[in-house]
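One letter stands for each residue in the lines below.
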Amino acid sequence: MGIARRVIQQFQKPGIGYLALVCLTGAVLFLSGNRFSFLSFSNDQWVLLYAMVAAVQILDRYVFRLPPDGNVQSMDSSVYLAAIFVYGLDFSLCILLFSSCIALFHSQLAWWKHLFNFSIYSMMISGASVVFALLGGENGSIDNYHLHAYILTLIAYFCINALTFGLYLYLVHKGNLFEILRSFLSDALFAYLSTLLLSLVLVILIVSHRSFGLFLFLAIAMLLSHAFRQLFNMYDQLNEKANKDQRTGLFNHSYFEEKLEDYIKEYRERGTTFSLALLDLDDFKKYNDKFGHPRGDKLLGFFGALLKEACEPDQLFVARYGGEEFAIILPGFAQVQAKAFIDNLRKHVNDTHYEGVEVLPHGCLSFSAGIVEVGEMSYDKSQLVDLADRALYVAKAKGKNTVLLYGEQSSLPTSIEEEINEIEQHIRIFLSKDVYTFKHSKRVFSYAFEMADELRLSDEERRVLALGALIHDIGKLEIPRDILNKKSRLTIEEWEIVKKHVLWGKEFVLATGKYKELVPLVELHHERYDGKGYPHGLKGHEIPRLARMLCIIDSFDAMTTERPYQDTKTFEEALHELERCSGTQFDPALVQAFVPYIRHKTGSAIATARQQANG
Amino acid sequence: MVYDGIVIGLIIGLLRAGWHPGLVALSQIRIRGGWIFPALLAVQLLIFSIQDRVSFIGQYSGWMFMAVYIVGLYVLWLNRAEKGIWIIFIGVAMNFLVMLVNGGRMPVSLEAASAVLDPVYTQMLKDGVGAAKHYALDDSTRLSFLGDIIPIAPPYPRTQVISIGDVVMNIGIFLYLQSVMLKNKTRASFVESKSHKS
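Residues numbered from 1 in each chain as written. Chains lettered and ligands numbered in written order. Predicted model: local features only at pLDDT ≥ 70, side-chain atom pairs only at ≥ 80, totals over all residues. Heavy atoms only, no water.

**Q** Before we go on, may I ask you to explain the overall build of chain A in this structure?
**A** A count of helical and extended segments in chain A gives 24 helices and seven strands. The C-alpha radius of gyration computed for chain A amounts to 33 Å, which surpasses the reference 25 Å derived for 615 residues by more than 25%, pointing to a less compact arrangement than a globule. When burial is assessed residue by residue, chain A has 47% of its 615 residues classed as buried. Here chain A has roughly 30800 Å² of accessible surface; of this, 58% comes from carbon and sulfur atoms. The centroid of the 62 positive side-chain charges in chain A is displaced by 1 Å from the centroid of its 71 negative side-chain charges. (Helix = DSSP H or I, 4+ residues; strand = E, 2+ residues; numbered from the N terminus. Rg over C-alpha atoms; globule rule 2.2 N^0.38 Å. Buried < 20%, exposed > 50% of the residue type's maximum accessible area, 1.4 Å probe, protein only. Areas by Shrake-Rupley, 256 points an atom, 1.4 Å probe, with all protein chains shown as cover. Lys, Arg positive; Asp, Glu negative; His and termini not counted. Charge placed at Lys NZ, Arg CZ, Asp CG, Glu CD.)

Take a look at the structure:
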């Protein structure tokens, strides 16, 4: 009973159920098309079968590797198709049966994969043969008047292959079916087309010269496969050179960025987390100054090898970020695990002796590291790197040989008041240009400050939200006064200019250098939850949470303040508006937190006003 | 047919490995129970030469060849860890099997033989004379698909009729020779690249 239930549970997994379905269909199709007719083959037919099976074996061995991913394409399909065209379904299935038996012996695949392959081939061969028969194709030599039958058969064969295999990938890897099929097409279409057309060539060769024709075909296939292999190896080598850093043997900066982008994409699509660690060798400059650059380079090489060795077992991605900085991507690591790992690595590095490290302040080889886990704060790769870099910066400031998580203790002991003052100086410039924006920024700041308590944010998030709220409209500096203070409706061109203030603001913040972590709030506070906002049209959780919060506060204040291009709403109306647009423009969860906060605030304000009036 | 795999394997092996390293590698071949092979060959020749004179041996020569096969299979089994030997084993076993079920002789397809071979030989087969190891395949032959049914003809330089077991065996021999002869080459190139670096 227990076993039966477990089996049923297994089958309820979509991948396994699908496998079983395909295998069943394949087996049924095979049995209906074959009936083991080889038992009554004549000697001649046996010889032919031997030749064909041998051909499939050779073609399976001499495959084509296709750049860029090294996907393998075998031309065995051309043999099956040629067999359908010349000898019919039954014979083709015999070839498949014998070839599969041989494959079962000499390849290392799991048995169920063999069964799956066999079934898919069986489906493809049967399907193609049915199409061929329906279109009036005759076995034997190629009939020039029925070429369409051949072409459509080839298409059917390809479609069955792409669908069955694509569906499997879709069920197992949970991708987008359309995407999978498209990548299938773009990767293998040309190789597949040539395989299919070669099947027609093979038909002609077999019909006119039988085994000698087959031999010629195989010889060409083997030579081509060899040439392709050389080409692929060359491509691989060049690729390796382009992606590797020569000094350390690690990957280089540009490949790191490429990879990081891939991981972020995967995180967005499938929610697979990862952490990013930035490492910086402590006091490398001292070592370099003391022993010279050649020795320093050697140390870098040594450190690179050390990292590689430590990270290889977990299949982490290690790159030289630049100079004496290194980057590690830890797929599947939450930040706590990542910290434990990097901290272990740090101890290991401390314990590893290298010639001359006595000159370093710690008396050993050491590094500082900043770690950040991908999350809502990090909507693109440079943002993620900035966060890790910030943590690294703090780690350095805390005396080096330290590993820190971003947000753990990221603000240096400068007080937030100082920073608030500094940013206020920046926005003071609005006093003369656009006093509305100045006041608006101050009000949004105070809402944000209180909302931070409401949302129970961490110290670092509180700081980011408050400072971001204060500076969020800084880009409006670039908008001409005429547009800012225009009383009538804006034209389309003017709107485009207004919309740009988020990008100008981002540039402004980046230029000051000190407040990189505020960039998402400045850049994204006009994104909408449903993806219809600007500047990027990000959607839902692609927008960092704090930016979503700022968007609500900003809109609420815009609605309730007198503005050149809008009517004023009362608080109550504005709250209704927020609720109405919750889920489209705004994050519903955050709206739910914001509305009671405002209600409570105004309620108590009214109450105190009454008290004062009464008292 | 045994020689084809050896000859082709040697030529291609020498081309791939280079003349000198190839020969060195060949000289280093070690086969477990290797002495048995020449002994088997001697026994075969002996049976062949005296079967016409000693009637007892002539009568049972087929079965004696079977015994030779079994010993040969045993030696191959001892060496099965080497690359290719396993395939030779399968090929030989296929030939052995079809001979075993057909009274110790290899059935030869007359159609295939007459297509590519000298008619004299075909006639000999039909009359059942001369060849102790072969006989003409007919309806009573069991497992005929394992018999000598594959005609080999120009453009291949030799004309023959062979069995699928022969083909498998030759593939095994070829692969074995390749792996043996290229062993040194891979090692040499490895050493070379190392010395470059240092």
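Back to the write-up after that little detour.
**Q** Would you take a moment to explain the overall build of chain B for this structure?
**A** On a plain count of helices and strands, chain B comes out with eight helices and four strands. Mapped in sequence order, the helices and strands of chain B form the string α-α-α-α-α-β-α-α-β-β-β-α. Evaluated residue by residue, chain B yields a buried proportion of 38% over its 198 residues. Pairs at least 24 residues apart make up 68% of the contacts formed inside chain B by residues separated by at least 6 positions. (Contact = heavy atoms within 4.5 Å.)

**Q** How should I be thinking about the sheet that holds strand β6 (residues 367-373) of chain A in this particular structure?
**A** Residue and element names in this part refer to chain A. Across the sheet, which stays open at both edges, the five strands sit in the order β4-β5-β3-β6-β7 with mixed pairing between neighbours. Unpaired on one side and paired on the other, β4 (317-322) and β7 (403-405) mark the two borders of the sheet. Strand after strand, the sheet turns through a mean of 20° between neighbouring axes, direction not considered. Sheet topology places strand β3 (residues 274-281) next to strand β5 (residues 325-331); seven bridges connect them, and they run antiparallel. Of the residues in β5, the one forming a bridge with Leu276 is Ile329. (Pairing = 2+ DSSP bridges. Axes fitted to C-alpha atoms, helices over the stretch in contact; angles between N-to-C directions.)

**Q** Looking at this structure, how should I read the packing of aromatic side chains?
**A** All told, the structure shown has 40 aromatic pairs over all chains when counted by the stated rule. With 5.2 Å between their ring centres and 55° between their planes, Phe132 of chain A and Tyr150 of chain A make a pair best called tilted. Separated by 18 residues along the polypeptide, Phe132 of chain A in helix α6 (residues 111-134) and Tyr150 of chain A in helix α7 (residues 147-173) bring together distant segments of the chain. Using a relative accessible area of 1% as the deciding quantity, one classes Tyr150 of chain A as buried. Grouped by ring-pair contacts, the aromatic residues Phe38, Phe41, Trp46, Tyr50, Tyr87, Phe91 and Phe98 of chain A together with Phe145 of chain B constitute a single cluster. A cation over a ring is seen here: Arg80 of chain B above Trp77 of chain B, with NZ or CZ 4.1 Å from the ring centre. (Phe/Tyr/Trp six-rings, centres within 6.5 Å; stacked < 30°, edge-to-face > 60°. Lys NZ or Arg CZ within 6 Å of the ring centre and 35° of its normal.)

**Q** Sorry if this is basic, but what is going on with the nonpolar core here?
**A** The tendency in soluble globular proteins is for nonpolar side chains to be buried side by side. Residues and elements named next belong to chain A. By size, the foremost hydrophobic cluster in this structure holds 81 residues, and its most contacted members are Ile95 and Tyr157. Excluding residues that lie within four positions of it along the chain, Tyr157 makes contacts with Ser77, Tyr80, Leu81, Tyr121, Met124, Ile125, Ala128, Tyr192 and Leu196. Ranked by size, the runner-up nonpolar core spans 68 residues in total, among them Leu387, Ile427, Leu455 and Leu465. (Core = buried A, V, L, I, M, F, W, Y, C linked by side-chain atoms within 4.5 Å.)

**Q** I'm lost on the interface of chain A and chain B in this one. Help?
**A** How big an interface is tends to be reported as the loss of accessible area on association of its parts. At the interface, five residues of chain A touch ten residues of chain B. Regarding the contact of chain A and chain B, the summed buried area is about 730 Å², with carbon and sulfur atoms giving 71% of it. Among the residues of chain A in contact with chain B, Asn43, Val47 and Tyr50 of chain A are the three that bury the most area, contributing 69% of the side total. The interface formed by chain A and chain B contains zero salt bridges. At the junction of chain A and chain B, the tally comes to two residue pairs in polar contact (both at pLDDT 80 or more). Among the elements that line the side of chain A that touches chain B, the one with the most residues is helix α3 (residues 43-61) of chain A, at four residues. (Buried area = accessible area lost by both parts, 1.4 Å probe. Salt bridge = Lys/Arg side-chain N within 4 Å of Asp/Glu carboxyl O. Polar contact = N/O pair within 3.5 Å; in protein donor to acceptor, adjacent residues only side chain to side chain.)

**Q** Sorry if this is basic, but what is going on with the state of the cysteines here?
**A** Such a bond, covalent and formed between the sulfur atoms of two cysteines, is termed a disulfide. The full count for this structure, using the stated rule, is zero disulfides over all chains. Just so you know, Cys101 of chain A is unpaired, no disulfide at all, and the nearest cysteine sulfur is the one on Cys94 of chain A, 11 Å from it. (Disulfide = S-S within 2.5 Å.)

**Q** What is the right way to look at the pattern of salt bridges in this model?
**A** For side chains bearing opposite charge, pairing can occur when the charged atoms are close. Residues and elements named next belong to chain A. Applying the stated criterion to the full structure yields 28 salt bridges over all chains. Residue Arg346 is joined to Asp343 by a salt bridge in which the shortest nitrogen-to-oxygen separation is 2.9 Å. With a gap of three residues between them, Arg346 and Asp343 both fall in helix α12 (residues 335-351), about one helical turn apart. Taken as a pair, Arg346 and Asp343 share a single burial class, namely buried. The closest approach of N and O atoms between Asp473 and Lys476, which form a salt bridge, is 3.6 Å. What you see here is one network of salt bridges that share partners, running through Arg390, Glu419, Glu460, Arg463 and Glu517.

**Q** I would appreciate a short explanation of unusual backbone geometry in the present structure.
**A** Most peptide bonds are trans, and most residues other than glycine sit at a negative phi. For the peptide bond that leads from Tyr534 of chain A to Pro535 of chain A, omega is 10°, which places it in the cis range. Residue position: Pro535 of chain A is located in the loop between α21 (519-524) and α22 (545-560). The phi angle at Arg456 of chain A is positive, at roughly 55°, despite the residue not being glycine. In this fold, Arg456 of chain A is placed in the loop between α16 (435-454) and α17 (459-471). The class of Arg456 of chain A is exposed, set by a relative accessible area of 74%. For Leu143 of chain B, which is not glycine, the phi dihedral falls at a positive 50°.

**Q** Would you explain the pairing of β3 of chain A in this entry?
**A** As a general feature of sheets, a regular strand has side chains that alternate between the two faces. Residues and elements named next belong to chain A. Among the eight residues of β3, eight are classified as buried, and the element is accordingly described as predominantly covered. Summarising the sheet, β3 and β6 pair through seven bridges and their orientation is antiparallel. Paired with Leu279 across the strands is Ala369, a residue of β6.

**Q** Can you walk me through the packing of α17 of chain A against α22 of chain A in this structure?
**A** Between two packed helices, both the angle of their axes relative to each other and the distance between the axes serve to describe the pair. All names here are of chain A. Interaxial distance between α17 and α22 falls to 10 Å at its minimum, and their mutual angle equals 40°. Between α17 and α22, the angle is such that the two are oblique. The two elements α17 and α22 cross, and the hand of that crossing is right-handed. Contacts from Glu461, Val464, Leu465, Gly468 and Ala469 of α17 reach α22 at Leu546, Met549 and Leu550. For the contact of α17 with α22, the class distribution of residues is six nonpolar, one polar and one charged. (Parallel < 35°, antiparallel > 145°, perpendicular 65-115°, else oblique. Left-handed = near helix turned anticlockwise from the far one by under 90°. Nonpolar A, V, L, I, M, F, W, Y, C, P; charged D, E, K, R; others polar.)

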